Amino acid sequence: MVSRVRTVAFQGIEAVPVDVQVMVAPGKVGMSIVGLPDKAVAESRERVQAALHASGLSMPAKKVTVNLAPADLPKEGSHYDLPIALGLMAALGAIPGDMLAAYVVLGELSLDGTIAAVAGALPAAIGANADGKGLICPHACGPEAAWAGSEIDILAPRSLIAIANHFRGTQVLSRPEAGVRAAPNDLPDLADIKGQESAKRALEVAAAGGHNLLMVGPPGSGKSMLAQRLPSILPPLAPKELLEVSMIASVAGELAEGRLTDRRPFRSPHHSASMAAMVGGGLRARPGEVSLAHHGVLFLDEFPEFSPQTLDALRQPLETGECMIARANHRVTYPARIQLVAAMNPCRCGMAGEPGYRCARGERCRTDYQARISGPLLDRIDLRIEVPAVSAADLIRPGKAETSTAVGERVAMARTLQRERFERLGAGGTSTNAHCPQALIEEIAMPDKAGLALLHDASERLGFSARAYHRVLKVARTLADLDGSETVGRIHLAEAISYRMTNERMAQAA
């Protein structure tokens, strides 16, 4: 007799259907698993046998063969334990096999028969819902899976015995409720920053348009403090963005207690991070920091200290909004629509350009250090600002600066204008000016006559690339949105160009 149970394999954030076929037949006593299983899947044989024994069932004195179809698709992870165990129980007649046909199953088994949490419950639930099936998942993953839709039938048992009793009718498993993680109330506030008004303005512009930002200044000037306060002025995730971000976190196993939050991701990897850790990869092609920061912020402190290969690997994700990880036998694509925020010292000693300080190595100290960042990567950064050391007068000035709440309201207003404009023009997939297509930005950010003349002169003198030209237009459009202006004026272009001028000087050093 052959019993069948549906489960999934993960390719990126996509759940690919896998058919678990279990056959009990005469032959040499034992259990074999075929269908390109990895080590974790092959070891499920021992976990399934122990869990069945703990649940009061014994393995048959026959040959048990488990086939994971399609056989040419690699199977990875421990979530195959539960479908194999349920398929074997159905083959032995312990549970009705026809009832399992309506579900997609995933879960890891403990030796005592309890079901442990696994990664990927949310993509599996969305895939099952699209296929018209329900989902059986671990109890800890139930709040996460419930986000797939109110119409999907979800069973989240704690143990094998619980699911067996449910199918026998002696116990009823209630549908789990969608889990929500409360937004933190203790986010750092912009009011804590004393001075640095120009840097705060650039931070507001970056938040309003989703622009990439580079801050250059001496140690202790407040670059990291500014970056850490960016999440406090960003608007919450839209429902579609929330699901995309949560699916990536689910595949990576980073959803705490299966609860979702509308707070935008903020990832800050150490500068020793490898290329695989940054853009994704490894044995199972897991998502990297860039994908985990999807629809959020990737903050790279000590920017030049990252390896040049790791930094240049960011160029394609910044341009296309996705990370493509190619392997000899398969290809995986993860979303990576991020806002890059970087901070760095102006030179190796950190004090170049500061009044009263003279570097022993002279100008070479600055140029060598800044040359660690390639010109093509700098070309993708919209805003670059100098963050000078804070003066004593700023530190002892009484009163607090503008709060994150006040700045966040202006950012939310500007983003609302952008979203409505893109929906009106039929570009609903775009939500911020930073990710606006080039052909469209020329239409919505067409400057007036004075602004056009200024842009032409600046392009000639500073040698803007085509990408730099369009990015200046995008920043100018964001500045106009913050002012509530329908047209992009000369003043908006002047400020946008000022944020770009230092970029060009650094590009020459690179």
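Check the entry above for the structure.
First, a word on scope: everything that follows refers to the structure included in this document. The model shown is predicted, which means the values in this text are computed figures rather than measured ones.

**A word on the pattern of salt bridges**
Oppositely charged side chains can form a pair if their charged atoms are brought close together.
Here is step 1: Applying the stated criterion to the full structure yields 24 salt bridges.
Here is step 2: Here Arg 6 and Asp 131 are joined by a salt bridge, their closest N and O atoms 3.0 Å apart. Note that Arg 6 is positioned in strand E1 (residues 2–11) and Asp 131 in the loop between helix H5 (121–130) and strand E8 (134–136), a separation of 125 residues in sequence.
Here is step 3: For Arg 6, a relative accessible area of 26% corresponds to the partly exposed category.
Here is step 4: Across the salt bridge formed by Asp 81 and Arg 47, the nearest N and O atoms sit 2.5 Å from each other. Here Arg 47 lies in helix H2 (residues 44–54) and Asp 81 lies in helix H3 (residues 81–92), a separation of 34 residues in the sequence. Arg 47 matches Asp 81 in its accessibility class, with the two residues each being buried.
Here is step 5: Overlapping salt bridges, with partners in common, bring together Glu 319, Asp 379, Arg 380, Asp 382, Arg 467, Arg 471 and Arg 500 in one network.

**Some remarks on the nonpolar core**
Here is step 1: Leu 213, Met 215, Leu 226, Leu 230, Val 341, Ile 385 and Leu 493 are the most contacted members of the largest nonpolar core, which has 50 residues in total.
Here is step 2: Per-element accounting of this core gives the leading share, eight residues, to helix H21 (residues 466–482).
Here is step 3: Each residue touching Ile 385, except ones within four places of it in the same chain, is listed here: Ala 199, Ala 202, Leu 213, Leu 214, Met 215, Val 216 and Tyr 499.
Here is step 4: Counting residues in hydrophobic clusters, the runner-up holds 41 residues, among them Val 20, Val 24, Ala 51 and Phe 167.

**Regarding the sheet that holds strand E11 (residues 266–267)**
Here is step 1: Spatial ordering of the open sheet is given by E11-E12-E15-E10-E16, a layout of five strands whose pairing is parallel. Each of the sheet's edge strands pairs with one partner strand only, and the pair in question is E11 and strand E16 (383–386).
Here is step 2: With four bridges connecting them, strand E10 (residues 213–216) and E16 associate as parallel partners. Opposite Leu 213, over in E16, you have Leu 383 as the bridge partner.

**Observations regarding unusual backbone geometry**
Here is step 1: Ala 69 connects to Pro 70 through a cis peptide bond whose omega is 5°.
Here is step 2: Position of Pro 70 among the secondary structure elements: in the loop between strand E4 (63–69) and H3.
Here is step 3: Phi angles above zero are rare outside glycine, and Leu 36 is one such case at about 55°.
Here is step 4: As for its position among the elements, Leu 36 is in the loop between strand E3 (30–34) and helix H1 (39–42).
Here is step 5: We note that Gln 196 has phi near 55°; this positive angle belongs to a residue other than glycine.
Here is step 6: Judged by relative accessible area, Gln 196 falls into the buried class, the value being 10%.

**Some remarks on the packing of aromatic side chains**
Here is step 1: Applying the stated criterion across every chain, the model contains two aromatic pairs.
Here is step 2: With centroids separated by 6.1 Å and ring planes inclined at 65°, the aromatic side chains of Tyr 103 and Phe 167 adopt a geometry described as edge-to-face. Note that Tyr 103 is positioned in strand E5 (residues 103–105) and Phe 167 in helix H7 (residues 160–168), a separation of 64 residues in sequence. We note that Tyr 103, like Phe 167, is buried.
Here is step 3: Centroid distance Phe 266 to Phe 299: 6.1 Å. Interplanar angle 25°. Geometry classified as stacked. Taken together, the positions of Phe 266 in strand E11 and Phe 299 in strand E12 (residues 297–300) put the pair 33 residues apart, joining distant regions of the chain.

**Regarding the pairing of E10**
Here is step 1: Because side chains alternate across E10, one face comprises the buried residues Leu 213 and Met 215, and the other comprises Leu 214 and Val 216, equally buried.
Here is step 2: Across four bridges, the pairing between E10 and strand E15 (residues 339–344) is parallel. Each bridged residue has a counterpart across the sheet, and for Leu 213 the counterpart in E15 is Val 341.

**Examining helix H10 (residues 239–251)**
Here is step 1: Here H10 spans 19 Å end to end across 13 residues, near enough to the 18 Å set by a 1.5 Å rise per residue.
Here is step 2: For H10, the full list of buried residues reads Glu 241, Leu 242, Val 245, Ser 246, Met 247, Ile 248, Ala 249, Ser 250 and Val 251.
Here is step 3: Check the buried side of H10 and you find it contacts H5, helix H6 (142–145), helix H12 (289–292) and strand E14 (331–335).

**Some words on the packing of H2 against H3**
Here is step 1: Contact geometry of H2 with H3 gives a least axis separation of 10 Å together with a crossing angle of 55°. Taken together, the axes of H2 and H3 are oblique relative to one another. Of the two elements, H2 crosses H3, and the hand of that crossing is right-handed. Contacts between H2 and H3 pair Ser 44, Arg 47, Val 48 and Leu 52 from the former with Asp 81, Ile 84, Ala 85, Leu 88 and Met 89 from the latter.
Here is step 2: In terms of residue class, the contact of H2 with H3 is made up of six nonpolar, one polar and two charged.

**Quick look at H3**
Here is step 1: With 12 residues, H3 should reach 16 Å at 1.5 Å per residue; the first-to-last C-alpha distance of 17 Å fits that figure.
Here is step 2: Buried within H3 we find Asp 81, Leu 82, Pro 83, Ile 84, Ala 85, Leu 86, Gly 87, Leu 88, Met 89, Ala 90 and Ala 91.
Here is step 3: Positive backbone phi, approximately 85°, marks Gly 93, located one or two places after H3.

**Details of the environment of Gly 210**
Here is step 1: Note that Gly 210 resides in the loop between helix H8 (197–209) and E10.
Here is step 2: Between the C-alpha atoms of Gly 210 and Ile 338, which are 128 residues apart in sequence, the distance is 8.3 Å.
Here is step 3: Setting aside residues no more than four positions away along its own chain, Gly 210 makes contact with Gln 339, Arg 415, Thr 432 and Ala 434.

**Description of the packing of H3 against H7**
Here is step 1: Contact geometry for H3 and H7: axes closest at 12 Å, N-to-C directions at 45°. With respect to H7, the element H3 is oriented oblique. Classified by chirality, the crossing of H7 by H3 is right-handed. Every residue of H7 that contacts H3 at Leu 82, Ala 85, Leu 86 and Met 89 is listed here: Leu 160, Ile 163 and Ala 164.
Here is step 2: For the contact of H3 with H7, the per-class residue count stands at seven nonpolar, no polar and no charged.

What counts and what doesn't
- Residue indices follow the written sequence of each chain, beginning from 1 at its first position.
- Local features are withheld for residues below a pLDDT of 70 in this predicted model, meaning they are given only at 70 or higher, and side-chain atom pairs are given and counted only at 80 or more; totals for whole chains, interfaces and linings count all residues.
- Processing note: side-chain calculations cover all non-hydrogen atoms of the structure and skip hydrogens and water entirely.
- Any Lys or Arg side-chain nitrogen located within 4 Å of an Asp or Glu carboxyl oxygen qualifies as a salt bridge.
- Secondary structure elements follow DSSP: runs of H or I of four or more residues count as helices, runs of E of two or more count as strands, with numbering from the N terminus.
- Throughout, exposure labels follow a simple rule: accessible area from a 1.4 Å probe, protein chains only, divided by the maximum for the residue type, with under 20% read as buried, over 50% as exposed, and the rest as partly exposed.
- Take the buried residues of types Ala, Val, Leu, Ile, Met, Phe, Trp, Tyr and Cys, join any two whose side-chain atoms come within 4.5 Å, and each joined set is a nonpolar core.
- When checking whether two residues touch, look at their non-hydrogen atoms; a contact exists if any pair is within 4.5 Å.
- Strand pairing follows a simple DSSP-based rule, namely that at least 2 bridges must link the two strands.
- Pairing of aromatic side chains requires ring centres within 6.5 Å, counting the rings of Phe and Tyr and the six-membered ring of Trp. Pairs whose planes differ by under 30 degrees are stacked, by over 60 edge-to-face, and all others tilted.
- The span you would expect from a helix comes to 1.5 Å times its residue count less one.
- Every axis in this analysis is a line fitted to C-alpha atoms, fitted for helices over the stretch in contact. Angles between the N-to-C directions lie between 0 and 180 degrees.
- Roughly parallel means an angle under 35 degrees; roughly antiparallel means over 145; roughly perpendicular covers 65 to 115; every other angle is labelled oblique.
- Note on convention: the crossing is left-handed when the near helix lies turned anticlockwise from the far helix by less than a right angle, right-handed when the turn is clockwise.
- Under the grouping applied here, Gly and all other residues not named as nonpolar or charged are polar, the nonpolar ones being Ala, Val, Leu, Ile, Met, Phe, Trp, Tyr, Cys and Pro and the charged ones Asp, Glu, Lys and Arg.

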